[in-house]
Each structure stands twice: as C-alpha cells, then as structure tokens.
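Structural characterization, general
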Amino acid sequence: MTDQLTGGSSTGAVDSPAPSRPSDNAPAGAAGPSGRTGPLARRIGQSLSPLLWVGPAVALIAVVVLWPVVVMVHTSIQHISPDGFVLGSAGGGNYGDLFSEPALKGVLIRTVIWTVAVVVVTMVLSLAAAQLFNQRFPGRRVARWALIMPWAASVMMTALIFRWSLNASSGVINVFLRDVGLLHRLGTNQADWLGRPTAALVWMMGVAVFVSLPFSTYALLAGLQTIPAELYEAARVDGAGTWRIYRSITLPLLRPAIIVATLINVINVFNSFPIIWEMTRGGPGYSTSTTTPFMFILKQSYIGESAAMSVLNFGLVIVVVLLFLRLTRWKEQMG
Amino acid sequence: MRRSLIGAAAVAAVGSLVLSGCGGSSGGGGGSSKGASGGAATLKLVVADYGTGPQNTSSKYWKGIISAFHTKNPSISVNVTAINWNDFDNQVQTLIQNHQYPDITEGDYFQNYAQEGLLYSAQDALSKPGNLLQAFKAQGSYKGTQYGMPFTTSSRTLFYNKKLFQQAGISSPPQTWADIKADAAKITKLGKVGYGLPLGPEEAQAETLLWFLGNNGGYQTSSGKWEINSPQNVQTMQFLQSLVKAGLTEPHPGTKNRTDLWQDFAAGKIGMINGSPALIPIMQKAGVLKTSDWASVSIPGKSGPLSTTLGVCDNVAAFKPNGHQAQIKKFLDFAYQDKYQLQFDKEYDLLPATTSAAKALSSDPIFAPFLKALPNARQYPSDTVWANVKSQLQHTVGTAITGNPKSVLDTLQQTAEKGA
C-alpha cells in the first residue's frame, strides 16, 4: 500500500520536469529570472499540493473540533451570567468553584466505575456474542439484523422505555419480577429501582451495556471473519482443542479489533448522557450523575463553572485514551 | 499509517467530546428575521405545553389564535413552539444563553431577563397593561417596572380521593399535619400510597413551599430576606422525613415528579396530593375517578389549614433583541382578549390572568373559589437569584429527606445569599 503510493508520486515527480523544459528556450531577457524562480515556485507548488487534498479535512477539524475546544477553554475562565452575558474574566474562579463543589468527588468516582464496568461487561459479552454470530445456524441473517435494533433505536427512547418498565407501581419489569416471585409487592421501596442510587446506577449500566453491545459485537464479528480458515484447520490437524485454539489463534488475531472497539466504547460510555438524564436526571441529588450530566446541571446557572467541568472532562478523556493506548502497546499490534 | 491512527483516535476522542458538549444546545432554532418596526415580520413564540397529549397540546390553542390574528394582520406571521414543562426552563435558558432570542415566551419567567435589559415592559408590549391581575404585578416587576405579564394563574389546594377515604374509614378531610399522617397511615394499609410527595426536579419548589407555609416558613421573609434554612423550615423537612420513613408516601420522593404522581392520583393509586385545577382534566382523561370520587380542600398546615396558598402565575415575556416591538404588541393585544383567556381556562382548567376575564368567570361554580383565593396568595420570590436557587433546589431538596435537612437547606441558603 505505502510502496504503491510513494511509487506513484515519485514517478509524478520525475515526469513533471519534462514538460517544463521548453521554458528554458524562452527569450533570454525573461529566461534569467524565470529560469531560476520557476523550479523554486514549482517545488513550493509541489510541496503545497498535498495541502490541497488534506486542506479541507484539516479545515474541518480546525473549525469543528479545535475551535470549540478553544472556546470551551476560554469560556471556562470567564465570568458569565446565567443568561449568557460575559461579565468579565473570572481567572481561575470557575475552577475554584468547581473543585469546591461537594458533589464533585462522588461524581468523578462514579464516572470511573461507570466507564470501567460498562466497557468491561460490554466487551466480554460482545466476545461471546460475536463468536455465536460467527457460527452457521438457521436464521442467522435474521438474528444478525435483530442485533442492530438497540443500536438503531434512539438511545433516549431506549432509556425512556426502561424508565417506564421500571416504574415502581406498574412497570413491566416489576410486574414480571413479582410474577416470578422475586419481588414481594409493587409500589414498594424494593420495586422503586430508580429511586435508590446504587440500584439505579446498576440498571443504567445495564442499559448502557445493552446499547453498546451491537457496535462492539459487529466490530468483533468483522475481526473474526478476517481470520483465515486455514489457521484453524492447521491447528486442528496439530491436535489443538477448542479452548486452546481460541486462546492461541482467535484472541491474538482479534486483538486489533478488540482494541479499537474498546477504545471507541471507552470514549462513548465516558461521555454517555441520554441514559442517565432520561432515567434519573442524575438524582436523587447528584448521586447518579457522572461528569457529563453534572456538567449539564451546572450549565443552567453557572456557565463558566460548567465549562470548567467540560475542560476537566476533556482532559480526563485524553488521559484515559493515552493510558489505554500505552497499556495495550497498540503500535506493535496495529503495525 | 501508525501516526494517522493515533491522530484519528485523538480526533475521534476530541470530536465525540465536542459533539456531546454541543448536545445540550441542539434544541435551539434559527434566529428570527428582523423586520422594520410595524412592518412584515415573523414572530417566534415559545410556550410551555399544558396539554396531556397531542389532542390538546398548547400549540393547538396558540395556532387557533395565530391563524385568526394572521387573517387580520397578513404581514405578521407567528411560529409557535410548545415545550413540555419538564424541559421548558432548560430549553428557554439555552436559547437565551446562545443569544437565539424568541420574541415572546409564555411559561416560567425570570427576573434576570429584565435585569439584563432583554425585555419590553408590560407598558411597551400591551395597550392595556392595567387589565392584568394586580395581585401578580409585584412578582413580574423589576425595580418598579412590570416585565412579566401573567397569562394564566392557578392556586394550590389539597386533592383527596374520597373513595379511598371511605374505604379507610376516614370521615373528614385532613386539616393538620397530624391528620395527614394519620389518614395516610390508614390509606397505606389499603395497599395504596397515602400521600403523594413530588420532590423530584420537575416542580420541587412548589411542593416544598407549600409545606414551608404550613409551619409559617417560606423562602423569603416579607421584607425579602432569605430564610430557606430557618428553624421552622428545618422542622418542616424533619416532619416530611418522618412521613417518608413511616412509608406513608410513595418510595423515594426525591426522584418523583409532579406529572407522574398526578397521573397516579388520577389512576386512584394515591390518597392525597397537592394539586392545581390542572389536575382535573388529567383525572377526567384517566376515567378512573368520577367527579364525586374526589374533592379538594385548603392545604393543611402544622396546626390548621393554610389561610394563604401558593398562587402561581405563568408569565408572558416579550423580548427586545429582535426589535419586533410593534408586532409583538399587536399580537399580545390580540391574544389577551377575554375570549382567548376563557378558552385557555376551559381547556386546561386554569384561572385567567386579566381582570376582565376574571370578572367573566366570577360566578362559575368550579373557578370561583380558586379565584377568590388568588389575591392574597403567596408567590415565589421575585429576585434575580431565584433562577439559580430554584434550579439547585429542584435537584437537591429531595436529598433532605434521606440526608441531613439542615445541611441541604444551608447549602441552598448560601446559594441564595451569594446573589446572581
């Protein structure tokens, strides 16, 4: 791939001087300066020409990604009224306010638990599901389509459906739990899952896993399908058992897919907002908030402090992603 | 290849962050067109939705007014957006923070907008501002000028389920906190919720104030001093705590919203709940409770029924930044006609906000008692920091039930004293 590309461009470089040669035969007066600047301009042009191709993408990233980051950081050091008027610089005041929020510590701890638990469970389940969907069985096509559903449906809708299903006095899940004898009575504290912070958090993690599963499963399924069948055949000929084959062939060859899927999941789950917002609004108090809903609640009254929370959030994601890449030594894997 | 991947990963990380950061403001519409004063223009009207479903959504009510208005004033068009109460404050606040100003809002109104100079005064936005109910003038005023124009009003009473009271062998409606506790205990024994206590984010500020009033407390003293963490208020929260601990309310009141609990009351699952006339159509729609199955009485206080109740008015605010004063005035004069006031009140069982419309209703058997209670009703603080206090209170006051009431109220008091 790389060889072909450089080959292509180098022949281009060799070719290009040829048509320009006639310019050397131009009248003497003009030949002097143009003869010297010509190649220089051309060289500059050549070195700039990739910019033509990369430029739009760079501009897009600058406008859509980098500029908002600049605005976010700038906002976080301004004193802004709840109606969006800038009242002057706040210096580090917003950060001071943020770090003295009594709820912040809990929010950060919860965010870590939320991200780690959801991603780990998602990946483990996805590995199993991908293996299953890679087998031949009647109805596989339908089953694969069905797997898309939680992914295709709006996350907000899914969250709302779960909230209603968990209604303490008449939710379907509670009615079912009562019918199988796990719940003594409807409308009790026990049935009010979303009212108890810990139970609410566990249920919301369940919903987060539910909506993250399809993507991870498809990513791993795609990875599984790239593993050549001959390898499995050879292993079987050598007398390797199923578990051994899985550990020594499937998992190592699946590693790039696992890394990419995990990374994208970490980012998504860390920033997850609609599930928590629709199911508990981060409450009671802030006891089921992760950093993103917490930032949103702050925004209603304290825009600057909310921006400071965004900056913190942003820093955390970058640190987590870099740590993750370092830990998985992805360079060696992906080369 | 390698480098591009780490780049891509970084871009993906940044991109998804930024996208999620923008999510909150996606509700904003485009800015409205600027027109010369008095000329053609399109007004952007943002209203709270009082309806219980698509068949009686508020945008239907407003569209009726708009089309009648447009026939008479073909050069002015009005676009209406109805937002449900749960999201109204948040979405309007976001529009304003992003400087995508509406021309008119109807729903909650905050003094901050007047403080920032964003609003036309009632004088500038209406031909007859004197027709607005005087009782609500102070609440909509900033430094002596009225900016918040009441559009609809309501007062709160205690609704109770007569059927459940009968089954539980209770002969008369509650008058004191002790009555509420005793009656709720009897109803709980029937397997129903004794008292519905909505302290979730939707409207915790109303339920909290109604209880504070019962113990001679409130958010502010009559001289405008904040008293959220006063000893009476702490005592009130302790009483609520005892109510919840005894299992006499729905589970975890700090996470339950008014709309959901009103639905539960309408479904016959709750014995008592504080409500406004707007609860009536919800009961009619649910079809479980007949008119003879429920009644409403003055809200019980610690030692007797409240002599004042919470009077709530939802306000119209007219925004300056788009420069549509003449058009706004034309439209508001049209919309404030008595027939539209009465249509609104009939549709949603709420009370009028103009003197002339109130007169027209003064002999109505359902509305008259509520109207009579309005003039001496207590109202929310008219203070610019109220927006901050309210939003924090909505999210945290429920934790006073499970945690330490004093410290929760202390934190709110600090926010109030810090100022806007």
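These remarks concern the structure in this document.

Section: a nonpolar patch on the surface
On the surface, L40(A), I44(A), L48(A) and L51(A) cluster together into a nonpolar patch covering about 380 Å² of accessible area. By secondary structure assignment, the location of I44(A) is in helix 3 (residues 28-76).

A closer look at the interface of chain A and chain B
The partner chain B presents 45 residues to the 46 residues of chain A that form the contact. Approximately 3900 Å² of surface area, both sides summed, lies buried where chain A meets chain B, with 60% of it carried by carbon and sulfur atoms. The largest contributions to the chain A side of the interface with chain B come from D83(A), R281(A) and Q300(A), which together make up 17% of the buried area. Taking the shortest distance from any N to any O, the salt bridge between D87(B) and R281(A) comes out at 3.3 Å. Those elements that place two or more of their residues in the side of chain A that touches chain B are helix 3, helix 11 (242-270), helix 13 (291-301), helix 14 (303-328) and helix 15 (330-334) of chain A.

What about helix 8 (residues 172-179) of chain A?
Residue and element names in this part refer to chain A. When we look at burial in helix 8, the residues that qualify are I173, N174 and L177. Take helix 8 and look down its axis: the buried residues cluster within an arc of 95°, on one side only. Of the exposed residues in helix 8, those oriented more than 90 degrees away from the buried face are V172, F176 and D179. Structurally, helix 8 contributes buried residues whose contacts are with helix 7 (155-165) and helix 9 (197-225). In the segment just after helix 8, G181 is the residue with positive phi, at about 90°.

Focus: the environment of D108(B)
Residues and elements named next belong to chain B. Relative to the helices and strands, D108 resides in the loop between strand 3 (104-107) and helix 4 (111-115). Along the primary structure D108 and V92 are separated by 16 residues, whereas in three dimensions their C-alpha atoms are 9.2 Å apart. Beyond its immediate chain neighbours, meaning those up to four positions away, D108 contacts W85, F88, D89, D314 and K390. At a separation of 2.9 Å, a polar atom in the side chain of D108 contacts the side chain of K390.

Notes on the sheet that holds strand 6 (residues 149-155) of chain B
Residue and element names in this part refer to chain B. The five strands lie next to each other as 2-1-3-11-6, forming an open sheet whose pairing is mixed. Looking at which strands have only one partner, the edges of the open sheet turn out to be strand 2 (76-84) and strand 6. Geometrically, the sheet is characterised by an average inter-axis angle of 15° between neighbouring strands, direction not taken into account. Sheet analysis places strand 1 (residues 41-49) next to strand 2, joined by nine bridges and oriented parallel. Within strand 2, the residue paired with A41 across the bridge is I76. Helix-sheet contacts for helix 2 (residues 58-72) involve strand 1, strand 2, strand 3 and strand 6, and the interaxial angle to strand 2 is about 175°.

Quick word on the pairing of strand 9 (residues 270-275) of chain B
All names here are of chain B. The element strand 9 is extensively covered by neighbouring structure, given that six of its six residues are classed as buried. Two elements, strand 8 (residues 193-196) and strand 9, share three bridges in a ladder whose sense is parallel. Following the sheet pairing, Y195 is matched in strand 9 by M272.

Details of the packing of aromatic side chains
All names here are of chain A. One pass over the structure, following the stated rule, counts 35 aromatic pairs over all chains. Here the aromatic rings of F273 and F296 are separated by 5.1 Å at their centres, their planes lie at 65°, and the arrangement is edge-to-face. With a gap of 23 residues between them, F273 in the loop between helix 11 and helix 12 (274-280) and F296 in helix 13 connect regions that are remote in the sequence. A relative accessible area of 11% places F296 in the buried class.

Overview of the sheet that holds strand 8 of chain B
All names here are of chain B. Strand order in the open sheet made by the four strands is 8-9-7-10, with mixed pairing throughout. The sheet is open, and its two borders are formed by strand 8 and strand 10 (294-297), each paired with just one other strand. In this sheet, neighbouring strand axes are inclined to one another by 15° on average, regardless of whether the strands run parallel or antiparallel. Sheet topology note: the strand 7 (residues 157-161)/strand 9 ladder contains four bridges and is antiparallel. Across the sheet, the residue bridging to Y160 is M272, located in strand 9. Where helix 10 (residues 258-266) meets the sheet, its contacts fall on strand 7, strand 8 and strand 9, and the angle it forms with strand 9 comes to roughly 135°.

What counts and how
- Residues numbered from 1 in each chain as written.
- Chains lettered and ligands numbered in written order.
- Predicted model: local features only at pLDDT ≥ 70, side-chain atom pairs only at ≥ 80, totals over all residues.
- Heavy atoms only, no water.
- Patch = residues over 30% accessible without salt bridge, like charges linked within 9 Å, V, L, I, M, F, W, Y side chains within 5 Å.
- Areas by Shrake-Rupley, 256 points an atom, 1.4 Å probe, with all protein chains shown as cover.
- Salt bridge = Lys/Arg side-chain N within 4 Å of Asp/Glu carboxyl O.
- Helix = DSSP H or I, 4+ residues; strand = E, 2+ residues; numbered from the N terminus.
- Contact = heavy atoms within 4.5 Å.
- Buried area = accessible area lost by both parts, 1.4 Å probe.
- Buried < 20%, exposed > 50% of the residue type's maximum accessible area, 1.4 Å probe, protein only.
- Arc of directions from axis to C-beta.
- Polar contact = N/O pair within 3.5 Å; in protein donor to acceptor, adjacent residues only side chain to side chain.
- Pairing = 2+ DSSP bridges.
- Axes fitted to C-alpha atoms, helices over the stretch in contact; angles between N-to-C directions.
- Phe/Tyr/Trp six-rings, centres within 6.5 Å; stacked < 30°, edge-to-face > 60°.

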